[in-house]
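# Structural characterization, general
So you can see what is in the structure, the chains are spelled out below.
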Amino acid sequence: MSDKITGAEALIRGLIAENTDRVFGYPGGYIIPVFDKLYDYTDRITNVLTRHEQGAIHAAQGYARASHRTGVVIVTSGPAATNLITGLSDAMMDSTPLVVITGQAPSSMLGTDAFQETDVMGITQPIAKWSCQIRHADDVAPALARAFHIASTGRPGPVVLDFTKDAQIGLTDCRYTPCRYIRSYNPNPEISDTDIAVAAQMINASQRPMILAGQGVTISEAEAVMTELAEKARIPVAATLLGLSAMPSDHPLFKGMLGMHGNIGPNINTNRADLLIAVGMRFDDRVTGLVSLYAPQAKILHIDIDESEFNKNVKVHATVHGDARQALTRLLPLVSSRDRDEWIDSFDRHNRVEHNRVALAAAYGTDPCAAPNMGETARKVSEAAGHGAILVNDVGQNQMLSSRYFRFTAPRSIISSGGLGTMGFGLPAAIGAKMGAPERPVCLFTGDGGLQMTLQELGTVMQYRTDIKIIVLNNNFLGNVRQWQALFCHNRFSQTPMLNPDFVALAAAYGIEGEDVATRAELDGAIDRMMSRHGAYLLNVRIDPTDMVFPMTPVGSAVDHIMLNPDEIYTPV
């Protein structure tokens, strides 16, 4: 008897060898052999049947980021493959490790415009870390092994395997061997002793240093050593959106979020610092503001595993090319302890102004009959969850305010679409996050616009009884665009008002409990009921449409040009 197996079975066995216990997918004609073989391994691998391929890839992103594992997506060809493009771009920009498997027409039909044939290689190569077409069954195991290695090492990212029908049904005796090395691919570069020495010298010589913590801190699991270094050298820490939760929110050296809607203290002091220590971040324009006016008094030390980020957006003075945890571990014994209390206190003085002038209004309303504020809703949900929940959010005002007012005590506590800003990301990402970290509460903040982009994934919540808490900040507008229209387009609200369905009734149709919240007086009780229920729950919180996100640095302004409200620019005392 032959011990040969099909390419489809070789794929499934390879996934098992990589300790994959869950994939997110949607079957179709050119991937049927894989799903048919998956049927024989349901005791080893669970397929999560989402309601749309975009939902599958966003769910895999949420799973990967919550679990620190590689997410896996399996879909068919043609429209199924093109439905993944948004998620691929999102994962590439946010460094999320995914192995994405698409079906494809038989090799003999490639280039003939066969039914549901699409040039997946041509489409995905610019937005994936690696793309490979598998045309022979013998190539399945080595291609899959390389895919996992590339996706999960160095700067993580998505990898695409385009799997022709004949390769799925063809026979092979190839045995799976995990990949540990690829010639010309160096995902973990050796860190230069000279670079470390220069970095330590810069830190020790600085009077006003600040650490900018990006998602690279979380990816490399460098949270503890970063905190230790900050404590030893007395250096304040601020975070990018995706870097939030790398340091506990209540740590005395953590000073808040950077960027357009970041905290006043770190944004003002970015342009007062004499040294910025950027760790695993890419100087996105939402963080820098106008680059020509960014950090004029500071030298910049950039630590990153991806050397293509060096000097890409801002000119830096020194670099450390390598893994963030390894680099910070090497730096720790070389940095000196010194008194920087006056510099640290300056952050707090700015942030106190923000608290008194902005945060109190946004998160501590008093009128019980008024509509709840977005900030106070996020703060109260975070308190009810004990500050230990994973925050997943969509994109827009809901994203900025939930990220600002949620409190974090543990790493990997925020999952958000950062670089691409993908509306519709939130709901499927929350499903994946809960499956990746089932022991942790998962709270999704979404807007009425973003929710309706992937609303069908409530069917996935229903089918898998996914225990997520969904908070809809509903203002019957595309709120973030409305804010810009109010501030910069003379209140011309072009195509931003929305006539919305009854979200609670829609949730009920999917067997999900929920309730409407129209006033501040109703908020506490509704949150308590939501958090006490086992299973999914939807709160439709009716927000005042004029509610805005402040502070705000307008596009094209310096990062320390900060609006406190529509009529006032912050003036440091």
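Thresholds, definitions, all that
Residues numbered from 1 in each chain as written. Predicted model: local features only at pLDDT ≥ 70, side-chain atom pairs only at ≥ 80, totals over all residues. Heavy atoms only, no water. Helix = DSSP H or I, 4+ residues; strand = E, 2+ residues; numbered from the N terminus. Rg over C-alpha atoms; globule rule 2.2 N^0.38 Å. Buried < 20%, exposed > 50% of the residue type's maximum accessible area, 1.4 Å probe, protein only. Contact = heavy atoms within 4.5 Å. Expected span 1.5 Å × (residues − 1). 1 Å grid on protein atoms, 1.4 Å probe; cavity = no way out; pocket = protein on both sides within 12 Å on 5 of 7 lines; lining within 4 Å. Points joined across faces, edges and corners; volume = space filled by probe spheres on them. Disulfide = S-S within 2.5 Å. Phe/Tyr/Trp six-rings, centres within 6.5 Å; stacked < 30°, edge-to-face > 60°. Lys NZ or Arg CZ within 6 Å of the ring centre and 35° of its normal. Salt bridge = Lys/Arg side-chain N within 4 Å of Asp/Glu carboxyl O. Core = buried A, V, L, I, M, F, W, Y, C linked by side-chain atoms within 4.5 Å. Pairing = 2+ DSSP bridges. Axes fitted to C-alpha atoms, helices over the stretch in contact; angles between N-to-C directions.

## Let's talk about the overall build of the protein chain
When you go through the protein chain residue by residue, the secondary structure sums to 23 helices and 22 strands. Taken against the 2.2 N^0.38 rule, which gives 25 Å for 573 residues, the C-alpha radius of gyration of the protein chain at 24 Å falls within 12% of a compact globule. Seen through its principal axes, the protein chain has C-alpha atoms that stretch 80 × 60 × 40 Å. Across the 573 residues that make up the protein chain, the buried fraction comes to 60%. Across the protein chain, every contact between residues at least 6 apart in sequence was considered, and the portion connecting residues at least 24 apart equals 76%.

## Brief notes about helix 15 (residues 341-363)
At 3.6 residues per turn, the α-helix brings residues three or four places apart onto the same side. Over its 23 residues, helix 15 extends only 29 Å from the first C-alpha to the last, a length that falls short of the 33 Å expected when each residue adds 1.5 Å. If you check which residues of helix 15 are buried, you get Trp343, Ile344, Ser346, Phe347, His350, Asn351, Glu354, Val358, Ala359, Ala362 and Ala363. Taken together, the buried residues of helix 15 touch strand 9 (209-213), strand 11 (254-257), helix 12 (264-270), helix 16 (374-384), helix 17 (397-405) and strand 21 (563-565).

## Looking at the layout of surface pockets
By volume, the second largest pocket is sized at about 620 Å³. What lines the second largest pocket is a set of 24 residues, among which Ser249, Asn263, His355, Arg404 and Arg407 lie closest to the centre. Secondary-structure elements contributing two or more residues to the lining of the second largest pocket are strand 11, helix 15, helix 16 and helix 17. Counting residues per element, the lining of the second largest pocket draws most heavily on helix 15, which supplies five residues.

## What to know about the state of the cysteines
According to the stated counting rule, one finds zero disulfides in the structure shown. The thiol of cysteine 174 is not disulfide-bonded; the next cysteine sulfur, from cysteine 179, is found 13 Å away. Take cysteine 174: its relative accessible area is 26%, and that puts it in the partly exposed class.

## A word on the packing of aromatic side chains
Scanning the entire structure with this criterion turns up seven aromatic pairs. A ring pair is formed by phenylalanine 406 and phenylalanine 408, whose centres lie 6.0 Å apart and whose planes are at 40°; its orientation type is tilted. Residue classification places phenylalanine 406 among the buried residues on the basis of a relative accessible area of 1%. Summarising the aromatic geometry, the rings of phenylalanine 406 and phenylalanine 445 are spaced 6.1 Å apart at their centres and angled 80° between planes, so their arrangement reads as edge-to-face. Of this pair, phenylalanine 406 sits in the loop between helix 17 and strand 16 (414-415) while phenylalanine 445 is found in strand 17 (residues 442-447), placing the two residues 39 residues apart along the sequence. When sorted by exposure, phenylalanine 406 lands in the same class as phenylalanine 445, which is buried. Sitting above the plane of the tyrosine 364 ring, arginine 379 keeps its charged end 4.0 Å from the centroid. The ring of phenylalanine 477 has arginine 482 lying over it, and the distance from NZ or CZ to the ring centre is 4.8 Å.

## Things to note about the pattern of salt bridges
Applying the stated criterion to the full structure yields 25 salt bridges. Across the pair aspartate 341 and arginine 234 runs a salt bridge, and its minimum N-O distance is 2.8 Å. In this pair, aspartate 341 is assigned in helix 15 and arginine 234 in the loop between helix 11 (223-233) and strand 10 (237-239), connecting sequence segments 107 residues apart. The class for aspartate 341 is partly exposed, based on a relative accessible area of 35%.

## Examining the nonpolar core
Ranked by internal contacts, the top residues of the largest apolar core, which has 69 residues, are Ile211, Met226, Ile277, Leu301, Ile303, Leu328 and Leu331. Sequence-distant contacts of isoleucine 277, defined by excluding residues within four places in its chain, comprise Ile203, Pro209, Met210, Ile211, Leu212, Ile235, Leu301 and Ile303. Counting residues in each nonpolar core, the second largest holds 49 residues, with Leu98, Ala437, Leu458 and Ile512 among its members.

## Here's the deal with the environment of isoleucine 74
Within the secondary structure, isoleucine 74 is located in strand 4 (residues 71-75). Separated by 418 residues in sequence, isoleucine 74 and arginine 492 have C-alpha atoms that sit 44 Å apart. Sequence-distant contacts of isoleucine 74, that is, excluding residues within four places in its chain, are made with Leu15, Val23, Phe24, Gly25, Tyr26, Ile31, Val34, Phe35 and Ile101.

## A look at the sheet that holds strand 17
Here six strands make up an open sheet; going across it, the order is 16-15-17-18-20-19 and the pairing parallel. Each of the sheet's edge strands pairs with one partner strand only, and the pair in question is strand 16 and strand 19 (513-517). Note that strand 17 and strand 18 (residues 469-474) share five bridges and pair parallel. Following the sheet pairing, threonine 446 is matched in strand 18 by valine 472. Lying on the sheet, helix 18 (residues 426-436) is in contact with strand 15 (390-393), strand 16, strand 17 and strand 18; it crosses strand 17 at an angle near 175°.

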